[in-house]
Amino acid sequence: MSLHLGTHDSAMPRALQVLELLDMVLRGLDRKTLAKAARVCRDWSNIALGHLWETLTDLLPLFKLLAPNGFELKENKLVFKDLPLENNWRRFCEYSNRVKSLKVDDTDERYTHLFDAFARLRPFHLGQNGNLFPSLRKLEWIGPNETSLLTRSVLFMHPGIQTFSIHLPGSYVHTRPSSALRQYIEHSIARMPYVKELTVTLQGYMAIVEAAVLQLVKGWSKTLETLTVPKYWTSTGLLETLSSLPRFNTLKATPDIPGVYDPARRFQPNIPPSNRLWPALEMLELAAPFREVIQFLQKNPLPLTLTALVVYSPRMESRETIRELCAEIARKCPNVQSLCIAKCYSRPLQQRLHPTLEECPSIDDLQPVLDGLNLEELAFLHEHPLIFREAKVEEVATKLKDIVFLELNPDPDYTPVTFDHRDFPSLKSLDVFGRLCPNLSKLSLYLDNTGVDLKTVTDPHPLVAMDELVIGGPGHPDIGREDALLFLSKVLYEGCTVQSGTVCRERGVPLAFTQQRRDFWLAVNQQLPLLIKAREEEVKVVERLYKAIQRCEKEIERCGGDPSVIGNLDVDEDLPQASTSAQPASPPPVYSESGPSS
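Residues numbered from 1 in each chain as written. Predicted model: local features only at pLDDT ≥ 70, side-chain atom pairs only at ≥ 80, totals over all residues. Heavy atoms only, no water.

**Q** Any chance you could explain the pairing of strand S8 (residues 226-229) here in plain terms?
**A** A regular strand carries its side chains on alternate faces of the sheet. Judged by which residues are buried, S8 turns out to be covered on both faces: Thr226 and Thr228 on one side and Leu227 and Val229 on the other are all buried. Bridge analysis of strand S7 (residues 197-201) against S8 gives three bridges, and the strand direction is parallel. Across the sheet, residue Leu198 finds its bridge partner in S8, namely Leu227. Handedness of the β-α-β unit built from S7, helix H10 (residues 206-219) and S8 comes out right-handed. As paired strands, S8 and strand S9 (residues 250-253) are joined by four bridges and run parallel to one another. The residue bridging Thr226 from the neighbouring strand is Thr250, located in S9. With respect to chirality, the unit in which S8 leads through helix H11 (residues 236-242) into the neighbouring parallel S9 is right-handed. (Buried < 20%, exposed > 50% of the residue type's maximum accessible area, 1.4 Å probe, protein only. Helix = DSSP H or I, 4+ residues; strand = E, 2+ residues; numbered from the N terminus. Pairing = 2+ DSSP bridges. Right-handed = clockwise from strand over helix to strand, strands pointing away.)

**Q** Please clarify how unusual backbone geometry should be interpreted in this entry.
**A** Working note: non-glycine residues mostly have negative phi, and peptide bonds are mostly trans. The backbone phi angle of Glu109 is positive, close to 55°, even though this residue is not glycine. Of note, Glu109 is situated in the loop between strand S4 (101-105) and helix H7 (112-121). Not every positive phi belongs to a glycine, and Trp278 is a case in point at roughly 45°. Here Trp278 lies in the loop between S9 and strand S10 (283-287).

**Q** Even after reading the chapter, I still don't get the packing of helix H17 (residues 481-491) against helix H18 (residues 511-558), so can you show me in this structure?
**A** Two quantities define a packed helix pair, namely the angle between the axes and the distance from one axis to the other. Relative to each other, H17 and H18 sit at 50°, their axes nearing to 9 Å. In terms of axis orientation, H17 runs oblique to H18. Both H17 and H18 take part in a crossing whose hand is right-handed. For the pair H17 and H18, contact is made by Arg481, Ala484, Leu485, Leu486, Leu488, Ser489 and Lys490 and by Phe520, Trp521, Ala523, Val524, Gln527, Leu528, Leu531, Ile532 and Arg535, respectively. Of the residues in the contact of H17 with H18, the class split is eleven nonpolar, two polar and three charged. (Axes fitted to C-alpha atoms, helices over the stretch in contact; angles between N-to-C directions. Parallel < 35°, antiparallel > 145°, perpendicular 65-115°, else oblique. Left-handed = near helix turned anticlockwise from the far one by under 90°. Contact = heavy atoms within 4.5 Å. Nonpolar A, V, L, I, M, F, W, Y, C, P; charged D, E, K, R; others polar.)

**Q** Sorry if this is basic, but what is going on with H10 here?
**A** An α-helical turn contains 3.6 residues, so any two residues separated by three or four positions project in the same direction. For H10, which comprises 14 residues, the first-to-last C-alpha distance of 19 Å matches the rise-based estimate of 20 Å (1.5 Å per residue) to within 8%. Its maximal kink placed at Ala212, H10 deviates by approximately 30°. Structurally, H10 contributes buried residues whose contacts are with helix H9 (179-191), S7, S8 and H11. (Expected span 1.5 Å × (residues − 1). Bend = angle between axes of the 7 residues up to and from the residue.)

**Q** Just to check I follow, could you spell out helix H6 (residues 86-96) for this structure?
**A** Where H6 is concerned, the buried positions are Asn88, Trp89, Phe92, Cys93, Tyr95 and Ser96. Mapping the buried residues of H6 onto a view down its axis gives an arc of 165°, with all of them on the same face. (Arc of directions from axis to C-beta.)

**Q** How should the nonpolar core be read in this particular structure?
**A** When a protein is soluble and globular, its nonpolar side chains tend to lie buried together. Grouped together as the largest cluster of nonpolar side chains are 148 residues, with contacts concentrated most on Leu59, Leu427, Leu488 and Leu492. With eight residues, the single largest contributor to this core is H10. Ignoring anything within four residues of it in the chain, the contact list for Leu488 reads Leu427, Leu430, Leu469, Val498, Trp521, Val524 and Leu528. With nine residues, the next largest nonpolar core counts Tyr232, Tyr312, Cys340 and Cys344 among its residues. (Core = buried A, V, L, I, M, F, W, Y, C linked by side-chain atoms within 4.5 Å.)

**Q** Teacher, can you tell me more about the pairing of S9 here?
**A** Bridge count for S9 against S10 is two bridges, and the pairing is parallel. Counterpart to Thr250 in the pairing with S10 is Met283.

**Q** For this particular structure, what's the right way to read the packing of helix H2 (residues 19-27) against helix H4 (residues 42-52)?
**A** Packing of H2 against H4 brings their axes to within 10 Å, and their N-to-C directions diverge by 45°. Judged by the inter-axis angle, H2 sits oblique to H4. At the point where H2 passes H4, the crossing takes the right-handed sense. Taken together, the residues of H4 that come into contact with H2 (itself represented by Leu19, Leu22, Asp23, Leu26 and Arg27) are Asp43, Trp44, Ile47, Ala48 and His51. Of the residues belonging to the contact of H2 with H4, the class tally is six nonpolar, one polar and three charged.

**Q** Mind showing me how you'd approach the packing of aromatic side chains here?
**A** Centre distance and the angle of the planes are the two values used to describe a pair of aromatic rings. One pass over the full model with this rule turns up 22 aromatic pairs. Judged by centre distance (5.9 Å) and plane angle (35°), the ring pair of Trp141 and Phe156 falls under tilted. You can see Trp141 sitting in strand S5 (residues 138-142) and its partner Phe156 sitting in the loop between helix H8 (146-151) and strand S6 (163-167), a full 15 residues away along the chain. Across the pair, exposure class does not vary: Trp141 and Phe156 are buried alike. Of the aromatic side chains, those joined through ring pairs into one cluster are Phe63, Phe71, Phe80, Trp89, Phe92, Tyr111, Phe115, Phe118, Phe133, Trp141 and Phe156. (Phe/Tyr/Trp six-rings, centres within 6.5 Å; stacked < 30°, edge-to-face > 60°.)

**Q** Hey, could you run me through the side chain of Thr514 in this one?
**A** You can see Thr514 is positioned in helix H18. Judged by its relative accessible area of 10%, Thr514 falls in the buried class. For Thr514, the residues in contact, after removing those within four places along its chain, are Thr502, Val503, Cys504 and Val509.

**Q** Looking at this structure, I do not really get the side chain of Asn300. What am I missing?
**A** Here Asn300 is to be found in the loop between helix H12 (290-299) and strand S11 (308-312). For Asn300, the side chain forms a polar contact with the main-chain nitrogen of Ile271, separated by 2.8 Å. Those residues in contact with Asn300 that lie beyond four places of it in its chain are Pro269, Asn270, Ile271 and Lys332. (Polar contact = N/O pair within 3.5 Å; in protein donor to acceptor, adjacent residues only side chain to side chain.)

**Q** Got a minute to help me understand the pattern of salt bridges in this structure?
**A** Charged atoms that come close allow side chains of opposite charge to pair. One pass over the full model with this rule turns up 26 salt bridges. A salt bridge links Arg152 to Asp106, with the nearest nitrogen and oxygen atoms 2.6 Å apart. With Arg152 in the loop between H8 and S6 and Asp106 in the loop between S4 and H7, the pair connects residues that are 46 residues apart, well separated along the chain. Both residues of the pair, Arg152 and Asp106, count as buried. Asp420 is the salt-bridge partner of Arg422, the closest N and O atoms lying 2.8 Å from each other. On the basis of relative accessible area, Arg422 is assigned to the exposed category, the value being 57%. Counted as one network, the salt bridges with shared partners bring together Asp364, Asp371, Lys392, Glu395 and Lys399. (Salt bridge = Lys/Arg side-chain N within 4 Å of Asp/Glu carboxyl O.)

**Q** Hey, could you run me through the confidence of the model for the protein in this one?
**A** Where the model shows low pLDDT, its predicted coordinates should not be examined in detail. On average, the protein scores 86 in pLDDT, and the residues at 70 or more come to 90%. When the criterion is pLDDT under 50, residues 571-598 qualifies, and its contacts beyond four places in sequence or with other chains add up to 52 contacts. (pLDDT = per-residue confidence, 0-100.)

**Q** Just checking my understanding: could you explain the environment of Asp23 for this structure?
**A** Among the structural elements, Asp23 can be located in helix H2. Considering only alpha carbons, one finds Asp23 and His51, 28 residues apart in sequence, at a separation of 8.9 Å. Not counting residues up to four positions away in its chain, the partners in contact with Asp23 are Ile47 and His51.

**Q** Looking at this structure, I do not really get a nonpolar patch on the surface. What am I missing?
**A** Side chains of Val18, Leu21 and Met24 sit close together on the surface and give an oily, nonpolar patch of about 270 Å² of accessible area. Residue position: Leu21 is located in helix H2. (Patch = residues over 30% accessible without salt bridge, like charges linked within 9 Å, V, L, I, M, F, W, Y side chains within 5 Å. Areas by Shrake-Rupley, 256 points an atom, 1.4 Å probe, with all protein chains shown as cover.)

This is the structure we're talking about:
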């Protein structure tokens, strides 16, 4: 059916008659606007409803289609007032067929009776052999107990699902799973044989459910490509099992559920050499003491396909261990472009420390990866500040010429007992990164601006791709707000955000320092866009003045006069001076008869 959008012969109505283009337009709309678009015409309705129902995070809207007379409460849970009829089921199928991603949080079990009625009454002559969600490709289930997993989540499983996420019952934190979990996993593998992406989460020890996780991995060994587990679940058995999967390429950690580190279990994978070892591995996240990770890298081969590596430590690591880890990464992972070496944020600090400079890690400890890898993303996070002297900034930036994301410990937990402001870079370092790292879009640094005169940087290079700047540092803010604003307005573009990187943790950085630094950089971030815009307007005015002067010179020459008289005018008091310091706009163009040119 073609769309008739009026009699106007404009490009827009004609473009919206192409359903593929209409789909691209409607895809970016919010849900309220999509609901309005669904009432325009039949073609618009089909596409808009497809986007509205594509992702579902609550089953209640679908259950309402089966309850024309509403619900009532039974044992504090919802039940249908009247059982669904044939036309109700057909309307249900009309909408459930559009669902491609379904998330069900069954924690409060409020839909228990609705699930029971759904399981008993669903018609097998509708859908695909009783499968009322034939388009479903992603299923996420949060189960409070084994009954929820076994009797409810399986209702939505079918061979078309390729992404499966399961939040295991919280009771497993204190008690070991029963045989029901093994049965559930067997059902899952049989009903969803082509799962490519698997997520398993539980805020507890890996040892409790390791057998179940390995059962899932082995059940989908031919198709599994991505596995996401809590941070401290990268165990010996898991690594040994994943190493032989033919399509597996990504092992990563859930960002919000770190799991629990078990010091009684050592990370000691022993992967035998094989031509088919890690055939497709691209990203690997490991959470173990750095010493154990070093031994893993020394004993086991890793493929050249590995481009992203993340290593978390559950304990405070020494400079020597960090240096050795970096050397081993540079030797065994030469093609890594994204590297993160990080502390454990979930581990509580045992005492307040004041480390010496010798105990703090140094940028020199990271030299092996700076020299040996062509990095696009680098993150280093430690409890102690990173010693990074301003004199080393240019050397480091030269080695990171392709860097896009750089995070160099903006939020350490402790401050050195004695230090000099020259032990850390200042805002002046942004000029160096702007000159040598043109692709840098996010930068996080620990800066000390004590005694720094930013006015000496007369023509700083702008950070042309910068989207986010995070600034940490010792003690109170050590620079005037006006000075920071004037300098940042020269190196940042409108749209870049500036924020404090200082984080308060118990027995770490005092709360007073954290709040003061946060308020300082928040005020800078709020005022900075106006100043950047004013500087851009100033540059435009200067450009227009220069064009006018050049036209005057040409006119004087045409009339036989001497254009040098213009150069003798004292314009310092009347006109703004042309200077490339009015960044981030470009210098004034040279005017010619054909127009301005660079």
